[in-house]
Amino acid sequence: MIVVLKHGVPEEKRAQLIAWLQGLGLRIHISDGEFQTVLGLVGDTSRVDIDLVESLDIVDSVKRVSEPFKMCNRKFHPESLVVEVGDVKVGAGNFVMIAGPCSVESEEQIVTVAKAVKAAGATLMRGGAFKPRTSPYDFAGLKAEGLELLKIARAETGLPIVTELMNINDLPLFEDVDVIQIGARNMQNFDLLRELGSVDKPILLKRGLANTLKELLMSAEYIMASGNERVMLCERGIRTFSDYTRNTLDLSAVPMLRELTHLPIIVDPSHATGIARLVPPMALAATAAGADGLIIEVHNDPIHALCDGAQSLRPEEFAALAEKVRAVREAIR
Ligand code: PEP
Ligand code: MN
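Residues numbered from 1 in each chain as written. Chains lettered and ligands numbered in written order. Predicted model: local features only at pLDDT ≥ 70, side-chain atom pairs only at ≥ 80, totals over all residues. Heavy atoms only, no water.

1. Here we look at the overall build of the protein
- The helix and strand tally for the protein stands at 10 helices and 14 strands.
- In terms of overall size, the protein behaves like a compact globule, its C-alpha atoms giving a radius of gyration of 21 Å where 333 residues would be expected to give roughly 20 Å.
- Across its three principal axes, the protein shows a C-alpha extent of roughly 65 × 45 × 40 Å.
- For the protein, the proportion of its 333 residues judged to be buried stands at 54%.
- For the protein, long-range pairs separated by at least 24 residues make up 68% of all intrachain contacts whose partners lie at least 6 apart in sequence.
- The centroid of the 36 positive side-chain charges in the protein is displaced by 3 Å from the centroid of its 45 negative side-chain charges. (Helix = DSSP H or I, 4+ residues; strand = E, 2+ residues; numbered from the N terminus. Rg over C-alpha atoms; globule rule 2.2 N^0.38 Å. Buried < 20%, exposed > 50% of the residue type's maximum accessible area, 1.4 Å probe, protein only. Contact = heavy atoms within 4.5 Å. Lys, Arg positive; Asp, Glu negative; His and termini not counted. Charge placed at Lys NZ, Arg CZ, Asp CG, Glu CD.)

The structure is reproduced here in structure tokens:
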């Protein structure tokens, strides 16, 4: 349920209303916008008398929120969320380019790529240290050492780190990471999501391989309801009957999620297509569809990459794409 307050309500009356609602056992999510204040009521609202609340002189309107997701619902939070990562802002018109290799392989590799993507305009750096791999025989990342190498690359470039956490037991190692990525395969690892509620860092939550948008939002809800509201969503392609691409990039997810939630929406055209030459057109399409940012795999030597070389752009290809992304953003402004 949401309660929209009238403009300019005295603080005291508002506090009284909130205390009364809390007394009914509800959690109150307050969204103070420029033009209106929205109180989002979380919990069992069946005992709230809508007519009574609506009759209060400070209340403009009351609506039931029928969707099962509340905290990430745009109805609770009409203004788009801006997630801040150091000086970098994501969402509400702030566009971000996240770029870097699939996996951190060596100091030279990550520093070279980080410098190149920064020069091209990326403002966050990606790189996996803990890698979910389909085969247990494949390279699974440098783990703790990979995180140390990311920190070296950050010290050299100033780019904040976005990297994947697979197991909650590794969380202490992620203390100095800037954004925690939850990969597609863990989108519904509910215990992991709950633990992220107490983490004071933004979370980049990727859509599962075969998950609906509602399921993605319910997973964001897990993190938010557990106490961390700094969640960014990522569309990274879903399983369909596509035969020539790794996945199918669901671009309609971007405007649909935009309506449903206030959270920033990032698109990953690399894992969506699996083919480097398809990454630029899909990145531009995602930008045109209104994404808040892109996460793109870039490698200095894709042929010898230990993971996902076929979908990785070379630094100069990324630079050319970044230029076009800026042109598309200008065109749709
Ligand atoms: C990744 O971004 O490194 C990754 C493994 O992606 P996904 O979880 O979307 O497959
Ligand atoms: Mn990858």
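Now that the structure has been shown, the text picks up again.
2. Notes on the domain arrangement of the protein
- Entries for the protein in the domain assignment read domain 1 (2–63) and domain 2 (83–332).
- Taking only C-alpha atoms, the centre of domain 1 and the centre of domain 2 are 37 Å apart. (Domains from an automatic or database assignment.)

3. Here's the deal with the nonpolar core
- Ranked by internal contacts, the top residues of the largest apolar core, which has 88 residues, are Leu 205 and Phe 318.
- Two domains each provide a minimum of three residues to this core, namely domain 1 (2–63) and domain 2 (83–332).
- When near neighbours in sequence (up to four residues on either side) are disregarded, Leu 205 contacts Ile 182, Met 187, Leu 193, Leu 216, Ser 219, Ala 220, Ile 223, Val 231, Met 232, Leu 233 and Cys 234.
- Leu 17, Leu 21, Leu 39 and Ile 58 belong to the second largest nonpolar core, which has 17 residues in total. (Core = buried A, V, L, I, M, F, W, Y, C linked by side-chain atoms within 4.5 Å.)

4. Side note on a negative patch on the surface
- Together, Asp 49, Asp 51, Glu 54 and Asp 60 make up a negatively charged patch on the protein surface.
- You can see Asp 49 is positioned in the loop between strand S3 (37–42) and helix H2 (50–55). (Patch = residues over 30% accessible without salt bridge, like charges linked within 9 Å, V, L, I, M, F, W, Y side chains within 5 Å. Areas by Shrake-Rupley, 256 points an atom, 1.4 Å probe, with all protein chains shown as cover. Salt bridge = Lys/Arg side-chain N within 4 Å of Asp/Glu carboxyl O.)

5. Some thoughts on the packing of helix H9 (residues 279–288) against helix H10 (residues 315–332)
- Interhelical geometry of H9 versus H10 gives an angle of 25 degrees and a closest axis separation of 9 Å. In terms of orientation, H9 and H10 fall into the roughly parallel class. For the element pair H9 and H10, the recorded crossing hand is right-handed. Contacts from Pro 280, Ala 283, Leu 284, Thr 287 and Ala 288 of H9 reach H10 at Leu 321, Lys 324, Val 325, Val 328, Arg 329 and Ile 332.
- For the contact of H9 with H10, the residue count by class is eight nonpolar, one polar and two charged. (Axes fitted to C-alpha atoms, helices over the stretch in contact; angles between N-to-C directions. Parallel < 35°, antiparallel > 145°, perpendicular 65-115°, else oblique. Left-handed = near helix turned anticlockwise from the far one by under 90°. Nonpolar A, V, L, I, M, F, W, Y, C, P; charged D, E, K, R; others polar.)

6. Things to note about the pairing of strand S11 (residues 203–206)
- Going residue by residue along S11, you find Ile 203 and Leu 205 tucked away on one face and Leu 204 and Lys 206 tucked away on the opposite face as well.
- Strand direction decides the pairing type here: strand S10 (residues 179–182) and S11, joined by three bridges, are parallel. Counted as the bridge partner of Gln 181 is Leu 204 from S11.
- Crossover S10 to S11 through helix H5 (residues 190–196) is right-handed.
- Of the pairings in the sheet, the one linking S11 to strand S12 (residues 231–235) comprises four bridges and is parallel in character. Residue pairing in the sheet places Ile 203 in a bridge with Val 231 of S12.
- Regarding the hand of the β-α-β motif, the stretch spanning S11, helix H6 (residues 213–225) and S12 is right-handed. (Pairing = 2+ DSSP bridges. Right-handed = clockwise from strand over helix to strand, strands pointing away.)

7. Some points on the layout of surface pockets
- Approximately 250 Å³ is the volume found for the largest pocket.
- Contributing to the lining of the largest pocket are 19 residues, with Pro 132, Arg 185, Arg 246, His 271 and Asp 308 lying nearest its centre.
- Of the residues assigned to the lining of the largest pocket, the class counts are four nonpolar, five polar and 10 charged.
- Here the second largest pocket defines a volume of roughly 200 Å³.
- Lining the second largest pocket we find Gly 93, Asn 94, Phe 95, Thr 287, Gly 290, Ala 291, Asp 292, Arg 326, Arg 329, Glu 330, Ile 332 and Arg 333.
- No other element matches H10, which puts four residues into the lining of the second largest pocket. (1 Å grid on protein atoms, 1.4 Å probe; cavity = no way out; pocket = protein on both sides within 12 Å on 5 of 7 lines; lining within 4 Å. Points joined across faces, edges and corners; volume = space filled by probe spheres on them.)

8. Observations regarding the sheet that holds strand S1 (residues 2–5)
- In space, the four strands of this open sheet follow the order S2-S3-S1-S4, with antiparallel pairing throughout. Both outer strands of the open sheet, strand S2 (27–32) and strand S4 (59–63), are each paired with one neighbouring strand and no more. Going across the sheet, the axis of each strand differs from the next one's by a mean of 20 degrees, ignoring polarity.
- Note that S2 and S3 share six bridges and pair antiparallel. Bridge assignment links Ile 28 to a residue of S3, and that residue is Leu 41.
- Those strands touched by helix H1 (residues 11–23) are S1, S2, S3 and S4, and its axis lies near 150 degrees from that of S2.

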